[in-house]
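# Working through the structure, step by step
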Amino acid sequence: MYETFALSIENHIAHVRFNRPEKANALNQQAWDEMKALFSSLDNNPEVRVVVLSGEGKHFCSGIDLTLLMDVGRISGDNCEGRKREKLHQIILGLQAPINALEACRKPVLAAIHNGCIGAGVDIISACDMRYVTEDAYFTIREIDMGMVADLGTLQRLPKIIPDGVAREMAYTGRKMYGQEARSVGLVNNVFADQEKMLEGVMEIAGQIAAKSPLSIRGTKEMLLYARDHSVDESLRYMAVWNAAMLLSEDLAKAFQATLTKKQPEFDN
């Protein structure tokens, strides 16, 4: 179904892979369109309980395709400057939408990053639930070197993941942050020697998540995202409403019975 992504689903784990290795997984317009459709589909697929995002070829993702950037810079049509700016505004919102769809996906998304994670790649991994890297992986907010302000979510999400001053330093300088430093500041959960070991480790974690109550996992992600953007009091009130609606589920009874019998529970999707 997809040309710029590869997708496989096994044991309730969806493995999504950037699939433009000949372009260092740079994202053209088709890739942005497919990413939004893909994550919306995974969100609604009851067979999927967790998503792993990785990249084919040399790099994880080298950001937005430069041909797309040039096309955006050549907005044509109406002679009215106001209407041109309105069109540009809609284009930017359209590029933000696929990353928002990834974040809004009710299933946890685990990024498995090797080598370059550049520009829009950082926007994307900032919207993921967890991040894992190889030792040679690096992150760079490349937009500053292109005379741009990063506009797809990095500046909004990254300072809520790593210390504010570190995020500012990356955004102002465009410098590369490698795997071990990324772990030391909390950007990534773990660092692996190579891509094979990383994928093996990430798939193991994904399997642990997939074995839990899907209803509880979806609710936990909802609560974490809400708590990030709201006060403790607001978040607790929302939590109470959620549990009043969702707590008395079959999953609760199955988990309780599994504890008593010391057996692994099996949950419905």
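Residues numbered from 1 in each chain as written. Predicted model: local features only at pLDDT ≥ 70, side-chain atom pairs only at ≥ 80, totals over all residues. Heavy atoms only, no water.

### Some remarks on the nonpolar core
To keep it simple, the criterion reads: By nonpolar core we mean a set of buried residues, namely Ala, Val, Leu, Ile, Met, Phe, Trp, Tyr and Cys, connected to one another through side-chain atoms within 4.5 Å. Each residue is placed in one exposure class: buried if its accessible area under a 1.4 Å probe, protein chains only, is under 20% of its type's maximum, exposed if it is over 50%, and partly exposed if it falls in between. Labels follow the DSSP assignment, with helices taken as runs of H or I lasting at least four residues and strands as runs of E lasting at least two, numbered in each case from the N terminus. Any two residues whose heavy atoms approach within 4.5 Å at even a single point are treated as in contact.
Grouped together as the largest cluster of nonpolar side chains are 51 residues, with contacts concentrated most on Trp 32, Leu 53, Ile 113, Phe 139 and Leu 187. At the level of elements, β2 (13-18), α1 (29-44), β3 (50-55), α2 (66-73), α3 (81-104), β4 (109-113), α4 (120-126) and α6 (164-173) are the ones that each hand at least two residues to this core. It is α1 that provides the largest number of residues to this core, a total of six residues. Each residue touching Ile 113, except ones within four places of it in the same chain, is listed here: Phe 60, Ile 125, Arg 131, Tyr 132, Val 133, Thr 134, Ala 137, Phe 139 and Met 198. If you look at the next biggest cluster of nonpolar residues, it comprises 14 residues, including Val 52, Phe 192, Met 198 and Ile 217.

### Looking at a nonpolar patch on the surface
Convention followed: Within the patch definition used here, like charges are joined within 9 Å and nonpolar side chains (Val, Leu, Ile, Met, Phe, Trp, Tyr) within 5 Å, considering only residues with over 30% relative accessible area and no salt bridge. Note on areas: Shrake-Rupley with a 1.4 Å probe; residue coverage comes only from the protein chains shown. The working definition used for a salt bridge is a side-chain nitrogen of Lys or Arg within 4 Å of a carboxyl oxygen of Asp or Glu.
Taken together, the side chains of Leu 66, Met 70 and Met 146 define a hydrophobic patch exposed on the protein surface, amounting to about 290 Å² of accessible area. Within the secondary structure, Met 70 sits in helix α2.

### Some thoughts on helix α11 (residues 250-261)
As a reminder of what qualifies: The length a helix should cover is 1.5 Å for every residue beyond the first.
If you check α11, its first and last C-alpha atoms are 16 Å apart, about what twelve residues at 1.5 Å a residue would give, namely 16 Å. Positive phi shows up at Lys 262, right after α11, with a value of about 55°.

### Focus on the pairing of β3
How we decide: Should DSSP find at least two bridges between two strands, the strands are taken to pair. Seen with its strands pointing away from the viewer, a crossover is right-handed if its path from the first strand over the helix to the second goes clockwise.
Burial runs high along β3: six of the six residues are buried. Inspection of the sheet shows β2 paired to β3 by six bridges, in the parallel sense. Bridged to His 15 within β3 is Val 52. Note that the unit made of β2, α1 and β3 has a crossover that is right-handed. Both β3 and β4 contribute to a ladder of three bridges, which runs parallel. If you follow Val 51 over to β4, its bridge partner there is Val 109.

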